[in-house]
Amino acid sequence: MTPTLLTDVTFKDKVKSGIVLVDFWAPWCGPCRSMAPAFAQAASELEPGVRLAKVNTESEQQLAARFNIRSIPTLAIFKGGREIARQSGAVDSATLKRWVQTHR
């Protein structure tokens, strides 16, 4: 499975049920680009129990501002539409999966 791309319009509907891990990133961000394969790998291993999604902070600036994203990449876990955990910085797939498992 590939992570879903979220926009300001689609965000609320996509995170309102279940557990969703969101990667706030930007195309010009080196650490974001280097983490992208690990995020995609995690998606293939965590879904469907945990859905993975991405928000391009460059094109979705209002959405990034709403969640007070100050550094990228920032990972946030949403459960039932509410943010329950946040972590900044690039991580590998194994670290990402362990972090998500602690917040399920």
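Higher on the page you've got the structure.
Residues numbered from 1 in each chain as written. Predicted model: local features only at pLDDT ≥ 70, side-chain atom pairs only at ≥ 80, totals over all residues. Heavy atoms only, no water.

### Let's talk about unusual backbone geometry
Rules: To qualify as a helix, a DSSP run of H or I must reach at least 4 residues; to qualify as a strand, a run of E must reach at least 2; elements of each kind are numbered from the N terminus.
Put simply, Glu-47 and Pro-48 share a cis peptide bond, and its omega is 10 degrees. With respect to the helices and strands, Pro-48 occurs in the loop between α2 (30-46) and β3 (50-56). Residue Pro-73 is bonded to the preceding Ile-72 through a cis peptide linkage, with omega at -5 degrees. Its identity is not glycine, yet Asn-68 carries a phi of approximately 55 degrees, on the positive side. Note on placement: Asn-68 falls in the loop between α3 (61-66) and β4 (74-79).

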